[in-house]
Amino acid sequence: RFAARARYRPDPPAGSGGLVLSGIMITNPYPQGQLPDGRSHPSARPLARPVVAPGQTFGVYAELTIASDAVRSVNVELEVRSIDKPSAITRLAGWVGSRLGFAGTQSTPGKLGWSLEVKPHENNVIALTIDPGKLDGGRYLITLKATDPMSGAVVLAAREFLSR
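Predicted, not measured: the structure shown is a model, and the values here were computed from it.

Observations concerning the pairing of strand β5 (residues 58-66)
Reasoning step 1: When you tally the buried positions in β5, you get nine out of nine residues, the bulk of the element.
Reasoning step 2: The two faces of β5 match: Phe 58, Val 60, Ala 62, Leu 64 and Ile 66 on one face and Gly 59, Tyr 61, Glu 63 and Thr 65 on the other face are all buried.
Reasoning step 3: Taken together, the three bridges between strand β2 (residues 19-21) and β5 define a ladder with antiparallel strand orientation. Across the sheet, the residue bridging to Leu 21 is Leu 64, located in β5.
Reasoning step 4: Bridge count for strand β3 (residues 25-27) against β5 is three bridges, and the pairing is antiparallel. If you follow Met 25 over to β5, its bridge partner there is Tyr 61.
Reasoning step 5: Two elements, β5 and strand β8 (residues 124-130), share seven bridges in a ladder whose sense is antiparallel.

Examining the environment of Tyr 140
Reasoning step 1: Positionally, Tyr 140 belongs in strand β9 (residues 138-147).
Reasoning step 2: Measuring from C-alpha to C-alpha, the distance between Tyr 140 and Leu 162 comes to 6.0 Å, with 22 residues separating the pair along the chain.
Reasoning step 3: In contact with Tyr 140, other than residues within four places in its own chain, are Val 80, Arg 81, Ser 82, Ile 83, Leu 135, Arg 159, Glu 160, Phe 161 and Ser 163.
Reasoning step 4: Within the structure, Tyr 140 has its side chain in polar contact with the backbone oxygen of Asp 136 (distance 2.8 Å).

A few points about the packing of aromatic side chains
For any pair of aromatic rings, geometry is given as the distance between the ring centres together with the angle between the planes.
Reasoning step 1: Taken as a whole, this structure holds two aromatic pairs when the rule is applied.
Reasoning step 2: With 5.7 Å between their ring centres and 20° between their planes, Tyr 140 and Phe 161 make a pair best called stacked. Pair noted here: Tyr 140 is in strand β9 and Phe 161 is in strand β10 (residues 154-163), with a separation of 21 residues, a long-range link.
Reasoning step 3: You can call Tyr 140 buried: its relative accessible area is 9%.
Reasoning step 4: Note on Phe 161: relative accessible area 0%, which makes it buried.
Reasoning step 5: Chaining the aromatic ring pairs together yields one cluster made of Phe 58, Tyr 140 and Phe 161.

Conventions adopted
- Residues numbered from 1 in each chain as written.
- Predicted model: local features only at pLDDT ≥ 70, side-chain atom pairs only at ≥ 80, totals over all residues.
- Heavy atoms only, no water.
- Buried < 20%, exposed > 50% of the residue type's maximum accessible area, 1.4 Å probe, protein only.
- Helix = DSSP H or I, 4+ residues; strand = E, 2+ residues; numbered from the N terminus.
- Pairing = 2+ DSSP bridges.
- Contact = heavy atoms within 4.5 Å.
- Polar contact = N/O pair within 3.5 Å; in protein donor to acceptor, adjacent residues only side chain to side chain.
- Phe/Tyr/Trp six-rings, centres within 6.5 Å; stacked < 30°, edge-to-face > 60°.

Below, the structure is given as structure tokens:
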């Protein structure tokens, strides 16, 4: 059922204050030094289904455009997080374990940020291979956020995927 709902469909681009961000595609990992330069590149094809195995690296692809007269630096953030809620028993066991010192409260960060030089009126490619670490089985959300520090415009794109 999840796979049927999550099939890739053209998402309408998110736009704000001259920034436009496409939907996110989850792809196979990109070969070293061979990032796609556009959506027609052979490596910029989505996975047949948005399903990854625990420990699997995968590619992320999106495009960002800006209505500006000059090149600008835009802040980009990528986040991967679980959208499945743990059961009450799991939450209780974690709470008891943390109180007794058996379970830590540290978790692996699922967020990455960087600055991107964006050319005006062009599809600027955001493509990277990520290693999210060992994901437990379940549903996850990958979110891409772009912020233009000059105008304050913010755009978001998100894509669900399954780890099993």
